[in-house]
Amino acid sequence: MLDTLIHMKLAVLRHSPRPIANWRTAVGLALAIITILLAIYPTGSTAQTGDLLKMAIGAWTLGWVLAPIQTGAGADEPIMPEHLALLPIAPRRLANGLLATLFVGMGPVITLGAFFALPVFGARLGPAAAITGTLAMLLHLALAILLSRVVIGITSQALASRFGLEFAALQYAIVISLSLVGWVIPAALAQDRRLLDDPFAFLSHGLPHGMQVALRMSPASWGTSAIIAADEHRWLAVAGYLAGLVALIAALVWIWDAQVSRRLEIRQRRAGGRISRPSWIQRRLPSSPLWASVNRAMLTWSREPRMALEARIAVLGGIFIVAIPAAVNWTQIVAWVGVIVLILGASTSCNLYGLEGSAFWMTLLTPGAIPADVRGKQIAYLMKFGPVALVLSLIATAWGEQWWAWTWIAAIFPAALGAGAGAMIVVSARGAVPVPEASRKSGNLVAAADNTAQTIITIALVLVALLPTVAMLYLAGRYGWPLLEWIAIAMGIGSGVLATWWGGRWTISWLGRNGPELLTRLRYG
């Protein structure tokens, strides 16, 4: 059975419409090469090289956990347990077979190449360390992939309830924020605080003691610690680190078996489940095609599990990105919480037509519905993220006493809001990525397509749209001309309105010409 499942996975990959060798593969290979180079980077001591490897391995492991939820890359399953539920196969045996298929694909191969840095690092220290590094490489690969699938399963189960949805969003927002700005905590706690002034000082001077302690506590560093212990002939420590990795992998395998067994159970669907009610504002929207589209988009944001999760992550992530540095008295970015929320909100809304799926046929076949649908999605985006981001900006600026930022916020906020509304609708239509229909998601509620490129493009478009306003504000501050500040505010408002109008107009025109082709792509992939 194991050979059959692996051959099935390989057949699916061979016949996938997306080529295996693409830009994601190139980026992954480049990052893997950089990771290997860190193992031979000339630092002052073995401990410093070990710290670099610990951070690199931790980053790869964190990427395996976050990427499937944030980008959809890897959250889908070519072979789902539900496909094999009626076969006379014991659940545990089937779970073990599906477990083997997790290690088939370009992702595991590239990750294995990155983790090859561990035996390379060990080879520099001696034969015993090289053997330890080889074992650590295999264990870390298993840990990263298993942790990713288990987290996906837990998140999928959590999205089935309102409390689970909020808790999952909170967890992911904290993890994402820590991965971006979490380094300021140990840097601020360090006595010399040099990392706050130069984030790359650790390449030559080593990490602060607090960050070293945090790294040693992370399981992602145990393989590197085992290699260093083997070089120092501390065999009991080597055995302890490797045994810890084995124990974690065993626990994850047990959870994976339980998740697969749960998905194999045939349950009768409960009719009349609880459905979120429209808000007070939604119930009072005008009765017209445009506002009907707005209402549908708002309801989709609250009822579709993945969209609801990503919308909450955008808001909570923006809050934590500024709250974590503010906790250590680094308050320079507090005033930008609203702009960060808007950028994150646009990046999580860049696949609206992909999530809509084959239901787009109703819009396509209804005369005059495309303009109302496009403008309705844009207005829904403005209503969803605009008020929240504005309130956060006002509160954060006043709380942090960042009075200097009022002019900047007044100019950049409307520009970011309008640029997000324009960029997300353009990318949603032109770069729509098909996702599994609701009836085909089975036990995996976070199954989605890989829209990493669309997310990056959306963020880039928003940032580019902000450049003229930022340049005018810079000139106003450099030369001290108040008139330029008022011009910058007018530019921000004007560029935001223009971006929203042009993005919608372009999308309406494009859908009018290419709507049937888009529907075919959404329906058949």
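Thresholds applied
- Residues numbered from 1 in each chain as written.
- Predicted model: local features only at pLDDT ≥ 70, side-chain atom pairs only at ≥ 80, totals over all residues.
- Heavy atoms only, no water.
- Helix = DSSP H or I, 4+ residues; strand = E, 2+ residues; numbered from the N terminus.
- Buried < 20%, exposed > 50% of the residue type's maximum accessible area, 1.4 Å probe, protein only.
- Areas by Shrake-Rupley, 256 points an atom, 1.4 Å probe, with all protein chains shown as cover.
- Salt bridge = Lys/Arg side-chain N within 4 Å of Asp/Glu carboxyl O.
- Axes fitted to C-alpha atoms, helices over the stretch in contact; angles between N-to-C directions.
- Parallel < 35°, antiparallel > 145°, perpendicular 65-115°, else oblique.
- Left-handed = near helix turned anticlockwise from the far one by under 90°.
- Contact = heavy atoms within 4.5 Å.
- Nonpolar A, V, L, I, M, F, W, Y, C, P; charged D, E, K, R; others polar.
- Core = buried A, V, L, I, M, F, W, Y, C linked by side-chain atoms within 4.5 Å.
- Expected span 1.5 Å × (residues − 1).
- Phe/Tyr/Trp six-rings, centres within 6.5 Å; stacked < 30°, edge-to-face > 60°.
- Lys NZ or Arg CZ within 6 Å of the ring centre and 35° of its normal.
- Patch = residues over 30% accessible without salt bridge, like charges linked within 9 Å, V, L, I, M, F, W, Y side chains within 5 Å.
- Polar contact = N/O pair within 3.5 Å; in protein donor to acceptor, adjacent residues only side chain to side chain.

Trainee: Give me the overall build of the protein: which residues, what numbers.
Mentor: The secondary structure content of the protein amounts to 24 helices and zero strands. Here the protein, with 525 residues, has 48% of them falling under the buried criterion. Put simply, the protein shows about 25,300 Å² of open surface, and 69% of that area lies on carbon and sulfur atoms.

Trainee: Which residues make up the pattern of salt bridges, and what are the values?
Mentor: Side-chain pairs of opposite charge can arise where the charged atoms are in close proximity. Counted by the stated rule, this structure contains five salt bridges. Lys377 is paired through a salt bridge with Glu356; the nearest N and O atoms lie 2.9 Å apart. Of this pair, Lys377 sits in helix α21 (residues 369–399) while Glu356 sits in helix α19 (residues 352–356), and the two are 21 residues apart along the sequence. Judged by its relative accessible area of 6%, Lys377 is buried. Overlapping salt bridges, with partners in common, bring together Arg296, Glu356, Asp373 and Lys377 in one network.

Trainee: Outline the environment of Trp254, supporting the account with residue identities and numerical values.
Mentor: Inspection of the secondary structure puts Trp254 in helix α14 (residues 235–264). Considering only alpha carbons, one finds Trp254 and Arg92, 162 residues apart in sequence, at a separation of 9.5 Å.

Trainee: I'd love a proper account of the packing of helix α13 (residues 222–231) against α14, names of residues and values included.
Mentor: In the contact formed by α13 and α14, the axes pass within 8 Å of each other and the chain directions differ by 160 degrees. One finds that α13 runs roughly antiparallel with respect to α14. α14 is crossed by α13, and the crossing has left-handed handedness. Contact residues: Trp222, Gly223, Ser225, Ala226, Ala229 and Ala230 in α13; Trp235, Ala237, Val238, Tyr241, Leu242, Gly244, Leu245 and Leu248 in α14. Taken together, the residues that form the contact of α13 with α14 break down as eleven nonpolar, three polar and no charged.

Trainee: I'd like to hear about the nonpolar core, residue by residue, with values.
Mentor: Counting residues in hydrophobic clusters, the biggest one holds 63 residues, and the most contacted among them are Trp301, Leu342, Tyr353, Tyr381, Phe385 and Leu511. For this core, the element with the highest residue contribution is helix α22 (residues 405–430), accounting for 15 residues. Here Leu511 is in contact with Tyr353, Phe360, Ile370, Val374, Ala429 and Leu518, once residues within four sequence places are set aside. Judged by nonpolar contacts, the second largest core, of 46 residues, contains Leu94, Ala95, Leu102 and Ala117.

Trainee: Explain α21 residue by residue, including any values.
Mentor: Taking 1.5 Å of rise per residue, the 31 residues of α21 would be expected to cover 45 Å, and the 45 Å separating its terminal C-alpha atoms lies within 8% of that figure. Positioned one or two residues after α21, Glu401 has a phi angle of 55 degrees, which is positive.

Trainee: A description of the packing of aromatic side chains should follow, citing residues and the corresponding values.
Mentor: Per the counting criterion, the structure on display carries six aromatic pairs. With a centroid separation of 6.2 Å and 15 degrees between ring planes, the pair formed by Trp506 and Trp510 is classed as stacked. In this pair, Trp506 and Trp510 both sit in helix α24 (residues 482–524), four residues apart, roughly one turn of the helix. For Trp510, a relative accessible area of 8% translates into the label buried. Directly above the ring of Tyr479 sits Arg478, whose terminal nitrogen or CZ lies 6.0 Å from the centroid.

Trainee: Could you give me a rundown of a nonpolar patch on the surface, with the residues and numbers involved?
Mentor: Taken together, the side chains of Trp23, Val27, Leu31, Ile34 and Ile456 make up a nonpolar region of the molecular surface, amounting to roughly 460 Å² of accessible area. The leading source of residues in the nonpolar patch is helix α2 (residues 23–39), at four residues. If you trace the backbone, Val27 turns up in helix α2. Its relative accessible area of 41% is what places Val27 among the partly exposed residues.

Trainee: Give me the environment of Ala308: which residues, what numbers.
Mentor: Along the polypeptide, Ala308 turns up in helix α17 (residues 305–327). Taking the relative accessible area as the measure of exposure, Ala308 reaches 1% and is therefore buried. Taking the C-alpha atoms as reference points, Ala308 and Leu165, 143 residues apart in sequence, are found 7.9 Å from one another. Ignoring any residue separated from it by four or fewer positions in sequence, one finds Ala308 in contact with Leu165, Trp301 and Ser302.

Trainee: Account for the side chain of Ser177, naming residues and giving values.
Mentor: Structurally, Ser177 can be placed in helix α8 (residues 162–181). Given the relative accessible area of 0%, Ser177 is considered buried. In terms of polar contacts, Ser177 uses its side chain to reach the backbone carbonyl oxygen of Ala173, at 2.7 Å. From its side chain, Ser177 meets the backbone oxygen of Gly317 in a polar contact 3.4 Å long.

Trainee: I'd love a proper account of unusual backbone geometry, names of residues and values included.
Mentor: Positive phi outside glycine occurs at His233, with the angle close to 60 degrees. Relative to the elements of secondary structure, His233 occurs in the loop between α13 and α14. Its relative accessible area of 56% is what places His233 among the exposed residues.

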